[in-house]
Amino acid sequence: MANPSEKKPGTRQYDPYRELELRTPIHNLYNLPTSPEYLFQEQATVNRRSWSENLQYYTGSGYLGGAVLGGAKGAAEGLRAAEPGDSLKLRVNRVLNSGGHAGRRLGNSLGVLGLIFAGLESAIVHWRGSDDVLNSVGAGLGTGALYRAASGPRSAAIAGAIGGLAAGAAVAGKQAMRRYVPV
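Residues numbered from 1 in each chain as written. Predicted model: local features only at pLDDT ≥ 70, side-chain atom pairs only at ≥ 80, totals over all residues. Heavy atoms only, no water.

Caption draft 1: View of the overall build of the chain. Along the chain, the regular secondary structure elements total six helices and zero strands. Along its sequence from the N terminus, the chain presents helices and strands in the succession α-α-α-α-α-α. In the chain, of all internal contacts separated by at least 6 residues, the share reaching a separation of at least 24 is 55%. Taken as a whole, the chain presents about 14300 Å² of accessible surface, with 62% of it coming from carbon and sulfur. (Helix = DSSP H or I, 4+ residues; strand = E, 2+ residues; numbered from the N terminus. Contact = heavy atoms within 4.5 Å. Areas by Shrake-Rupley, 256 points an atom, 1.4 Å probe, with all protein chains shown as cover.)

What follows is the structure in structure tokens.
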């Protein structure tokens, strides 16, 4: 039986990409740009994430952070709740159940806070037409107030003030990190 990879005299192997290589050298296919490419020129001038990127970032970060912190807190509670007569299987089950329960609760709560904050911040930026500290503080204020609105006006006002202060502290901390921490 003949080897299919052998060349027979008077024939050549068929290469379907031969014509493409003549017009476009293969190394040009892999010279990709390193800067982001935008569909519209207006997008290139804006130095901030879009509303949908903000929505995904804040919601995802809030959920992930809350799930990790809540899971750790729940696991610690599960370890403390172990009784002396419990088997190893039962203790592991208790830790996993309490960690999953607390992680789910805190993750969902912080994810919702991130969702509300991102939506309000994007709306305020669109409404005001500028991107500065007041947008984040206003979004934090509105997020706290909306999140606790069902508990009454006093609770909503306190939560709004805490949200505004937290957002202001986060923005101030970010600016201080940029200024004083070399990266």
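Caption draft 2: Expanded view of the environment of Ala-72. Mapping Ala-72 onto the fold places it in helix 3 (residues 51-80). Taking relative accessible area as the criterion, Ala-72 reaches 48% and is therefore assigned partly exposed. (Buried < 20%, exposed > 50% of the residue type's maximum accessible area, 1.4 Å probe, protein only.)

Caption draft 3: Representation of the packing of helix 3 against helix 4 (residues 88-128) in the model. Where helix 3 meets helix 4, the closest approach of the two axes is 5 Å, and the angle between their N-to-C directions is 155°. The orientation of helix 3 relative to helix 4 falls into the category roughly antiparallel. As helix 3 runs across helix 4, the sense of the crossing is right-handed. Looking at side-chain class alone, the contact of helix 3 with helix 4 contains 15 nonpolar, 17 polar and two charged residues. (Axes fitted to C-alpha atoms, helices over the stretch in contact; angles between N-to-C directions. Parallel < 35°, antiparallel > 145°, perpendicular 65-115°, else oblique. Left-handed = near helix turned anticlockwise from the far one by under 90°. Nonpolar A, V, L, I, M, F, W, Y, C, P; charged D, E, K, R; others polar.)

Caption draft 4: Summary view of helix 4. Compared with an ideal rise of 1.5 Å per residue, which puts 41 residues at 60 Å, helix 4 spans 59 Å between its outermost C-alpha atoms and is within 8% of the ideal. Looking one or two places after helix 4, you find Gly-129, whose phi comes out positive at around 80°. (Expected span 1.5 Å × (residues − 1).)

Caption draft 5: Quick look at the side chain of Ser-122. Along the chain, the position of Ser-122 falls in helix 4. With a relative accessible area of 13%, Ser-122 lands in the buried category.

Caption draft 6: Highlighting helix 3. Between its terminal C-alpha atoms helix 3 stretches 43 Å, which fits the 44 Å expected from 30 residues at 1.5 Å a residue. Buried within helix 3 are the following residues: Asn-54, Gly-62, Gly-66, Gly-70, Gly-71, Gly-74 and Gly-78.

Caption draft 7: Structural view of a nonpolar patch on the surface. Together, Met-177, Tyr-180, Val-181 and Val-183 make up a nonpolar patch on the protein surface, roughly 510 Å² of accessible area in all. Mapped onto the elements, Val-181 comes out in the segment after helix 6 (153-180). Judged by its relative accessible area of 36%, Val-181 is partly exposed. (Patch = residues over 30% accessible without salt bridge, like charges linked within 9 Å, V, L, I, M, F, W, Y side chains within 5 Å. Salt bridge = Lys/Arg side-chain N within 4 Å of Asp/Glu carboxyl O.)

Caption draft 8: Molecular detail of the layout of surface pockets. Within this model, the largest pocket holds a volume of roughly 940 Å³. Around the largest pocket, the lining is made up of 27 residues, and of these Tyr-58, Phe-117, Glu-121, Ser-136 and Val-171 lie nearest the centre. Those elements giving two or more residues to the lining of the largest pocket turn out to be helix 3, helix 4, helix 5 (133-147) and helix 6. Examining the composition of the lining of the largest pocket, we find that 10 residues originate from one element, helix 6, more than from any other. Looking at the lining of the largest pocket residue by residue, the classes come out as 11 nonpolar, nine polar and seven charged. In this structure, the second largest pocket encloses a volume near 340 Å³. Surrounding the second largest pocket, 11 residues form its lining, Val-46, Arg-48, Arg-49, Ser-50 and Trp-51 being those nearest its centre. Looking at the lining of the second largest pocket, the elements that each hand over two or more residues are helix 3 and helix 4. Residue contributions to the lining of the second largest pocket peak at three residues, all from helix 4. In terms of residue class, the lining of the second largest pocket is made up of four nonpolar, four polar and three charged. (1 Å grid on protein atoms, 1.4 Å probe; cavity = no way out; pocket = protein on both sides within 12 Å on 5 of 7 lines; lining within 4 Å. Points joined across faces, edges and corners; volume = space filled by probe spheres on them.)

Caption draft 9: Region of the structure containing the pattern of salt bridges. In this structure the tally under the stated criterion is three salt bridges. Between Asp-86 and Arg-94 there is a salt bridge, and its shortest N-O distance comes to 3.1 Å. Using a relative accessible area of 14% as the deciding quantity, one classes Asp-86 as buried. Across the pair Asp-132 and Arg-128 runs a salt bridge, and its minimum N-O distance is 2.7 Å. Note on Arg-128: relative accessible area 35%, which makes it partly exposed.

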